[in-house]
Amino acid sequence: MPIATPEVYNEMLDRAKAGKFAYPAINVTSSQTLNAALRGFAEAESDGIVQISTGGAEFLGGQYSKDMVTGAVALAEYAHVLAEKYPVNIALHTDHCPKDKLDGYVRPLIAISEERVKAGRNPLFQSHMWDGSAETLADNLSIAQELLERARAAKIILEVEITPTGGEEDGVSHEINDELYTTVDDAIRTAEALGLGEKGRYLLAASFGNVHGVYKPGNVVLRPELLKELSEGVAAKFGKAAPFDFVFHGGSGSTEQEIQTALENGVVKMNIDTDTQYAFTRPVAGHMFQNYDGVLKVDGEVGNKKAYDPRTWGKLAEAGMAARVVEATQHLRSAGNKLK
């Protein structure tokens with residue numbers, strides 16, 4: 001199937017919300033990790049989301065120029081070709097983009113999709129994220145209003161993060177403290193500024209103790225039940241049940257119970273990066289340790305071309321990451337739920 005059209009993407013999200021499941025949003029940084037993500041979704045019979053962060057886009061742009069827009073566009077175009085060979089629907093998304101990178105990343109990408117839509121084509125990406133969590137909520141929502149208007153015209157869904165996620169991702173960091181919990185007032189102000197669908201569809205990354213990166217159980221206190229409080233608080237004021245499409249950030253290392261509670265309370269998208277990075281790298285490390293005298297020219301020998309051929313260890317990396325994607329779809333209940 002091709003990359004999801006705007007209509008298909010909306011249907012995917014509607015089905016997830018109604019069925020209380022969510023799509024894994026897998027960060028990719030290369031054609032190889034893209035293949036791994038697509039393979040995992042196909043093997044799980046799950047539709048899904050593939051996303052590119054600012055750091056990922058810079059890496060994709062090559063270390064000579066490190067151009068984020070070039071990197072993101074190149075992989076997106078490649079994905080549009082490649083995805084047709086997989087029997088699942090895939091949406092393309094850009095991950096965390098702070099204020100100082102909007103003009104070098106999200107705004108130019110929206111402009112590309114605007115031109116595509118004017119020419120009668122579909123947008124290049126199906127959604128973009130604006131991460132204003134480091135700004136005041138007033139400034140955050142002001143920028144979100146501008147971006148939402150443009151996104152709507154380009155048939156794109158916007159993702160907004162209104163309060164901080166702890167830890168660090170691509171240079172954006174927040175302390176792990178009591179500010180990692182969105183309040184009902186935060187949610188009401190968001191609804192007042194961005195509407196509840198009538199001004200354009202958006203995904204809401206509300207904070208319930210989320211932390212990016214690697215952490216051991218007990219180091220982070222997640223309260224996914226908070227999402228229900230936010231929904232009920234906004235519903236009481238605006239008269240719309242289940243008003244938000246929630247996103248679960250910083251999900252690596254979460255317990256199954258925490259994930260299930262989040263799903264019951266409206267999460268339709270869960271970002272997964274740390275766990276899939278490890279799943280991709282671990283088989284490569286194993287291969288190198290087990291075949292050190294083949295991948296290295298030790299003591300004047302010539303090594304073993306079959307051992308250091310990137311295709312040899314690359315296939316292991318793809319399989320490892322694909323398996324972790326399958327596991328994610330099972331945890332999020334999207335496995336077997338692809339659109340027919």
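Our subject in this report is the structure included herewith. (Residues numbered from 1 in each chain as written. Predicted model: local features only at pLDDT ≥ 70, side-chain atom pairs only at ≥ 80, totals over all residues. Heavy atoms only, no water.)

**Observations concerning the overall build of the protein chain**
Helix and strand content of the protein chain: 13 helices and ten strands. Expected size for 340 residues packed as a compact globule is a radius of gyration near 20 Å; at 20 Å, the protein chain falls within 12% of this value. If you line up the protein chain on its principal axes, its C-alpha atoms span 75 × 50 × 40 Å. A separation of at least 24 residues holds for 75% of the contacts in the protein chain among residues at least 6 apart in sequence. Entry remark: accessible area of the protein chain is about 14,800 Å², with carbon and sulfur atoms responsible for 52%. (Helix = DSSP H or I, 4+ residues; strand = E, 2+ residues; numbered from the N terminus. Rg over C-alpha atoms; globule rule 2.2 N^0.38 Å. Contact = heavy atoms within 4.5 Å. Areas by Shrake-Rupley, 256 points an atom, 1.4 Å probe, with all protein chains shown as cover.)

**Topic: the nonpolar core**
Ranked by size, the top nonpolar core spans 78 residues in total, and within it Tyr105, Val160 and Phe244 carry the most contacts. Sorting elements by how many residues they give to this core places helix α4 (residues 68-82) first, with eight residues. (Core = buried A, V, L, I, M, F, W, Y, C linked by side-chain atoms within 4.5 Å. Buried < 20%, exposed > 50% of the residue type's maximum accessible area, 1.4 Å probe, protein only.)

**With respect to helix α2 (residues 31-44)**
With 14 residues, α2 should reach 20 Å at 1.5 Å per residue; the first-to-last C-alpha distance of 20 Å fits that figure. For α2, a buried count of ten out of 14 residues is recorded, marking the element as mostly surrounded by other parts of the structure. Here α2 has its buried residues at Thr33, Leu34, Asn35, Ala36, Ala37, Leu38, Gly40, Phe41, Ala42 and Ala44. Tucked inside the fold, the buried residues of α2 contact β1 (23-27), β2 (48-52), α4, β3 (90-94), α10 (274-290) and α13 (310-331). (Expected span 1.5 Å × (residues − 1).)

**Some thoughts on the pattern of salt bridges**
Counted under the stated rule, the structure contains 16 salt bridges. Here Arg39 makes a salt bridge to Glu43, at a shortest N to O gap of 3.0 Å. Within this pair, Arg39 and its partner Glu43 are both found in helix α2, separated by four residues, close to a single helical turn. For Glu43, a relative accessible area of 48% corresponds to the partly exposed category. Here Arg39 and Glu318 are joined by a salt bridge, their closest N and O atoms 3.2 Å apart. (Salt bridge = Lys/Arg side-chain N within 4 Å of Asp/Glu carboxyl O.)

**A short note on the packing of helix α6 (residues 137-153) against helix α7 (residues 184-194)**
For the pair α6 and α7, the least separation of the axes is 10 Å and the interaxial angle reads 35°. By crossing handedness, the relation of α6 to α7 is classed as right-handed. On α7, the residues touching Leu137, Ala138, Leu141, Ala144, Gln145 and Leu148 of α6 are Asp186, Arg189, Thr190, Ala193 and Leu194. Across the contact of α6 with α7, the residue classes break down as seven nonpolar, two polar and two charged. (Axes fitted to C-alpha atoms, helices over the stretch in contact; angles between N-to-C directions. Left-handed = near helix turned anticlockwise from the far one by under 90°. Nonpolar A, V, L, I, M, F, W, Y, C, P; charged D, E, K, R; others polar.)

**Overview of the environment of Gly336**
Looking at the secondary structure, you find Gly336 in the segment after α13. The spacing of Gly336 and Phe41 is 295 residues in sequence and 9.6 Å in space, taken between C-alpha atoms. Those residues in contact with Gly336 that sit more than four places away from it in its chain are Ala44, Glu45 and Ser46.

**Regarding the sheet that holds β2**
The strands that make up a sheet pair up through hydrogen bonds in the backbone, lying either parallel or antiparallel. Strand order in the closed barrel made by the eight strands is β1-β2-β3-β4-β5-β8-β9-β10, with parallel pairing throughout. Geometrically, the sheet is characterised by an average inter-axis angle of 25° between neighbouring strands, direction not taken into account. Pairing analysis gives two bridges linking β3 to strand β4 (residues 127-131), with the strands arranged parallel. By the bridge assignment, Thr94 is partnered in β4 with His128. Seen against the sheet, α6 touches β4, β5 (157-161) and β8 (202-205) and runs at an angle of roughly 170° to β5. Against the sheet, α13 makes contact with β1 and β10 (267-272), and its axis sits at roughly 150° relative to β1, the strand it touches most. (Pairing = 2+ DSSP bridges.)

**So, the packing of aromatic side chains**
For the coordinates displayed, the defined rule picks out four aromatic pairs. Ring centres of Tyr202 and Phe244 lie 6.5 Å apart, and the angle between their planes is 55°; this geometry places the pair in the tilted category. Residue Tyr202 is located in strand β8, and its partner Phe244 is located in the loop between α8 (226-238) and β9 (245-248); the two are separated by 42 residues in the primary sequence. The pair formed by Tyr202 and Phe244 is uniform in burial state, with each residue classed as buried. Seen in terms of ring centroids, Phe244 and Phe246 are 5.6 Å apart; in terms of plane orientation they differ by 55°. Their pairing is tilted. (Phe/Tyr/Trp six-rings, centres within 6.5 Å; stacked < 30°, edge-to-face > 60°.)

**Regarding the side chain of Ser231**
In this structure, Ser231 sits in helix α8. If we ignore the near neighbours within four places in the chain, the residues touching Ser231 are Pro243, Phe246 and Asn265.

**With respect to empty space enclosed by the protein**
The full count for this structure, using the stated rule, is two cavities of 30 Å³ or more. Quantified by volume, the second largest cavity comes out at close to 40 Å³. Along its surface, the second largest cavity is lined by Val28, Val50, Ile52, Leu75, Ala76, Ala79, Leu92, His93 and Phe125. Secondary structure elements with two or more residues in the lining of the second largest cavity: β2, α4 and β3. Considering each element in turn, the lining of the second largest cavity owes the most residues, three residues, to α4. (1 Å grid on protein atoms, 1.4 Å probe; cavity = no way out; pocket = protein on both sides within 12 Å on 5 of 7 lines; lining within 4 Å. Points joined across faces, edges and corners; volume = space filled by probe spheres on them.)

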